[in-house]
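Remarks on the overall topology
Given next are the chains, with one letter for each unit.
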Amino acid sequence: MNLSFSFLNKLALVISPATELKQKNKIHDYRQQIWGGDYIFERLNEGTIGYMTGVGKGIKPCDRIILREGCESYQYQVEEIDYYSDPSDMWIALLKQVPNE
């Protein structure tokens, strides 16, 4: 009985980090932010990818960013992100458009 209990405990340790990783990807909503003031988004390849410079802490690769263009909202996944040293909450990121969820 102890062997199976021990196995199940170890299995839970192996499975839980993968679950936690999925939960740690966040969605950052920039629809209320002002283009040119709070962020700049340079569309490339007809908007399927682009570079965004913005302000905000805690944005990581695989997170999602929601942007508004006119009445439409678009969701992008952060492919790469680099934070500036000064100010420390300013960053530039490569974004890839993904379907809205």
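This report concerns the structure included in the present document. Predicted model only: the values in this text are computed from it and were never measured. (Residues numbered from 1 in each chain as written. Predicted model: local features only at pLDDT ≥ 70, side-chain atom pairs only at ≥ 80, totals over all residues. Heavy atoms only, no water.)

Helices and strands together make up the secondary structure of the protein chain, namely one helix and six strands. Listed N to C, the secondary structure of the protein chain is α-β-β-β-β-β-β in terms of helices and strands. Looking at the protein chain as a whole, 26% of its 101 residues qualify as buried. A total of about 7400 Å² of accessible surface is found on the protein chain, and carbon and sulfur atoms cover 57% of it. (Helix = DSSP H or I, 4+ residues; strand = E, 2+ residues; numbered from the N terminus. Buried < 20%, exposed > 50% of the residue type's maximum accessible area, 1.4 Å probe, protein only. Areas by Shrake-Rupley, 256 points an atom, 1.4 Å probe, with all protein chains shown as cover.)

Sheet topology places strand β2 (residues 39-44) next to strand β3 (residues 49-55); six bridges connect them, and they run antiparallel. Bridge pairing links arginine 43 to glycine 50 in β3. A loop of four residues connects β2 with β3, the two strands running antiparallel in sequence, and asparagine 45 in this loop sits at a positive phi of about 50°. (Pairing = 2+ DSSP bridges.)

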